[in-house]
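# Architecture at a glance
Each chain is listed here by its residues.
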Amino acid sequence: MSWEWGVIWQYLPKLLDGAWLTIELVAISGLLGLVIAVPLALMRASEKKAISAFPYIYIFFFRGTPLLVQIFLIYYGASQFDAVKNSFLWPVLREPYWCAIIAFSLNTAAYGAELIRAAIQAIPKGEIEACMALGMSKFTTIRRIILRRAAGIVLPGYSNEVLLMLKSSALASTITLLDLTGMARTIIARTYTPLEMFFAAGMVYLAMAAVLILCFRLMERKLNRYQYAKRPV
Amino acid sequence: MDLHGYGELLLSGLWMTIKLALTSLFFGLIIGLSGAAAKLSSSRTARAIATTYTTVVRGIPELLLVLTLYFGGSQLLMFFASMFGYEEYIDVGQFAAAVAALSIAFGAYSTEVFRMAMQDVPKGQWESAQAMGMTPLQTFFRIILPQVWRLAIPGLGNLFQVLLKDTALVSVVGLDELMRQASVGAATTKSPFDFYLAAALLYLLLTVGTTLVTGLLERMSKPELRGGRT
């Protein structure tokens with residue numbers, strides 16, 4: 001087996017370009033996904049069946065099917081309908097970039113919603129009763145107590161979800177986007193050095209994952225500082 | 001939803017997906033058990049190898065793994081074969097490359113599940129088995145493994161669902177499984193939405209089936225849930 005380090009160094013800048021797109025995809029869809037996930041989780045945690053039914057079906061569909069199917073449904077599937085093609089949405093749905101972001105956001109929202117729901121239900125009941133006793137309205141309770149407490153509880157689990165998303169973002173390469181994986185594949189088509197290039201791409205992914213883990217640790221220290229506080233002597 | 005008579009194509013793909021998932025499950029479980037044994041062994045080398053394996057595989061995308069083994073599998077295998085003096089060309093088939101990639105990914109995650117399950121078996125059981133005169137191998141297969149199985153089922157069920165969904169990635173390298181067949185149908189009939197939706201529903205069917213089977217296995221492994229004699 002011939003192994004060429006030279007080819008890795010030569011194409012590393014291009015790979016890093018791809019890594020940048022990966023970061024962009026993960027960051028944008030991660031934030032969008034969170035924005036969708038919070039109301040879904042609140043609805044899902046509701047005791048009224050009529051309210052919790054929609055998020056249930058949503059989560060069931062997005063967690064039960066492969067992300068690749070979801071991406072293809074949006075990217076290729078949307079073009080089947082003339083109504084979509086003629087609508088104002090078409091300039092967005094035509095772009096693989098936006099399709100990837102839509103698919104990733106919807107997907108991560110489903111997983112995130114389930115995590116946040118679990119966190120909401122893990123908040124001690126007494127705290128919510130205390131809010132009621134203090135005369136807080138439902139909205140104020142959610143804003144001031146429930147979401148803040150849930151954020152602290154959900155963070156360790158959510159960091160896992162973001163890591164999984166970083167890995168799934170490689171699927172963007174299947175709809176012609178030049179993210180880290182896509183870039184590696186393009187380079188390989190030119191140089192035919194699959195092992196070297198995929199190895200290099202894998203190492204960049206590992207490095208990104210390591211940085212993410214570190215960031216989440218720091219965030220957790222800040223958000224859950226009561227758990228790390230030293231006892232006053 | 002109009003499949004233009006391509007429904008059978010999808011079903012053949014579904015069958016391939018199931019075969020792929022079950023074969024990878026088999027090898028993945030073996031890798032996972034060995035990985036967990038290595039992680040808990042007293043040998044520092046074995047622990048280091050297992051830790052590197054799980055860290056690396058869990059940190060890189062599954063798609064990258066599939067692509068690497070598909071495009072570089074022959075090269076890799078020939079490299080290892082040449083260490084043993086075999087210099088002929090070896091061709092790694094599509095199915096083999098796919099199974100290898102999926103079981104390596106599954107193995108990394110199941111290593112963790114098995115490790116945790118093994119640690120949950122009280123140490124006293126090893127000691128009493130030893131006191132009864134069992135060899136470590138006997139202890140492992142007779143005492144530990146049946147209990148590990150029980151503790152690991154919920155975790156493994158989740159991982160199998162992930163595995164099922166990951167089989168879709170293999171379509172990227174052209175193996176004729178569900179996703180690939182859906183793409184073929186979509187391209188020939190020009191109705192991609194119908195075909196991908198049909199594929200999505202079939203995947204849902206698989207995941208629901210898995211959930212049911214996992215629940216059943218979990219019940220079987222826990223006599224107390226069946227209201228058995230105590």
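What counts, and where the lines are drawn
- Residues numbered from 1 in each chain as written.
- Chains lettered and ligands numbered in written order.
- Predicted model: local features only at pLDDT ≥ 70, side-chain atom pairs only at ≥ 80, totals over all residues.
- Helix = DSSP H or I, 4+ residues; strand = E, 2+ residues; numbered from the N terminus.
- Buried ≥ 20, exposed ≤ 12 C-beta atoms within 10 Å, placed from the backbone.
- Contact = placed C-beta atoms within 7 Å.
- pLDDT = per-residue confidence, 0-100.
- Axes fitted to C-alpha atoms, helices over the stretch in contact; angles between N-to-C directions.
- Parallel < 35°, antiparallel > 145°, perpendicular 65-115°, else oblique.
- Left-handed = near helix turned anticlockwise from the far one by under 90°.
- Nonpolar A, V, L, I, M, F, W, Y, C, P; charged D, E, K, R; others polar.
- Expected span 1.5 Å × (residues − 1).
- Bend = angle between axes of the 7 residues up to and from the residue.

### Overview of the overall build of chain B
Each helix and strand counted, chain B has 8 helices and 0 strands in total. Seen in sequence order, chain B has helices and strands lined up from the N terminus as α-α-α-α-α-α-α-α. Sorting the 230 residues of chain B into buried and exposed places 39% on the buried side. Taking as baseline every contact in chain B between residues at least 6 positions apart, the subset at least 24 positions apart corresponds to 77%.

### Description of the overall build of chain A
Within chain A one finds 11 helices and 0 strands. In chain A, the order of α-helices and β-strands from amino to carboxyl end is α-α-α-α-α-α-α-α-α-α-α. Its C-alpha atoms put chain A at 70 × 60 × 25 Å along the principal axes. Long-range contacts, defined here as pairs at least 24 residues apart, represent 78% of the contacts in chain A between residues at least 6 apart.

### Section: the confidence of the model for chain B
Confidence in the prediction of chain B, expressed as mean pLDDT, is 89, and 97% of residues score 70 or more. Note on the complex model: pTM 0.89, ipTM 0.87.

### Remarks on helix 7 (residues 125–133) of chain A
Because each turn of an α-helix spans 3.6 residues, side chains separated by three or four positions in sequence point in the same direction. Across the 9 residues of helix 7 of chain A, 0 count as buried, placing the element largely on the outside. Once helix 7 of chain A ends, the next one or two residues include A:Gly135, with phi positive near 85 degrees.

### What about unusual backbone geometry?
Residues and elements named next belong to chain A. We note that Tyr192 has phi near 50 degrees; this positive angle belongs to a residue other than glycine. Along the chain, Tyr192 falls in the loop between helix 9 (180–191) and helix 10 (194–223). Accessibility expressed as a C-beta count within 10 Å gives 11 for Tyr192, which makes it exposed.

### Quick notes on the interface of chain A and chain B
Taken residue by residue, the interface counts 29 residues in chain A and 31 residues in chain B. With 8 residues, the top contributor of residues to the side of chain A that touches chain B is helix 10 of chain A.

### Section: the packing of helix 1 (residues 5–44) of chain A against helix 10 of chain A
Residue and element names in this part refer to chain A. Relative to each other, helix 1 and helix 10 sit at 45 degrees, their axes nearing to 10 Å. As far as their axial angle goes, helix 10 and helix 1 are oblique. Crossing of helix 1 over helix 10 shows right-handed handedness. Between helix 1 and helix 10, the residues in contact are Val7, Ile8, Leu12, Leu15 and Ala19 and Glu196, Ala200, Ala201, Val204 and Met208, respectively. The residue makeup of the contact of helix 1 with helix 10, split by class, is 9 nonpolar, no polar and 1 charged.

### Considerations on the environment of A:Arg190
Residue and element names in this part refer to chain A. Take Arg190: it is sitting in helix 9. A count of 9 C-beta atoms within 10 Å places Arg190 in the exposed class. On a C-alpha basis, the gap between Arg190 and Trp5 in space is 16 Å, while along the polypeptide they are 185 residues apart.

### Some details on helix 6 (residues 136–166) of chain B
Residue and element names in this part refer to chain B. Along its 31 residues, helix 6 runs just 36 Å from first to last C-alpha, ending more than 12% under the 45 Å computed at 1.5 Å per residue. Most pronounced at Ile153, the bend in helix 6 amounts to some 55 degrees, and the proline Pro154 follows within four residues. Of all the residues in helix 6, the buried ones are Val148, Ala152, Ile153, Leu156, Leu159, Phe160, Leu163, Leu164, Lys165 and Asp166. Against helix 1 (7–39), helix 3 (62–83), helix 4 (94–120) and helix 8 (192–221) lie the buried residues of helix 6.

### A closer look at the packing of helix 1 of chain A against helix 8 (residues 138–168) of chain A
All names here are of chain A. It is the contact of helix 1 with helix 8, at a shortest axis distance of 11 Å, that shows an interaxial angle of 135 degrees. In terms of orientation, helix 1 and helix 8 fall into the oblique class. The element helix 1 and its partner helix 8 pack so that their crossing is right-handed. Here helix 1 contributes Val26, Gly30 and Leu42 to the contact with helix 8, which in turn contributes Ile142, Val162, Met165 and Leu166. For the contact of helix 1 with helix 8, a count of residues per class yields 6 nonpolar, 1 polar and no charged.

### Some remarks on the environment of A:Asn107
All names here are of chain A. Along the chain, Asn107 falls in helix 6 (residues 96–122). Along the primary structure Asn107 and Ser29 are separated by 78 residues, whereas in three dimensions their C-alpha atoms are 9.3 Å apart. Among all residues touching Asn107, those that are not within four sequence positions of it are Phe62, Leu67 and Gln70.

### What to know about the environment of B:Ser74
Residue and element names in this part refer to chain B. Within the fold, Ser74 resides in helix 3. Sequence separation between Ser74 and Arg58 is 16 residues, and the spatial gap between their C-alpha atoms is 23 Å. If sequence neighbours within four positions are ignored, Ser74 has contacts with Ile90, Asp91 and Val92.

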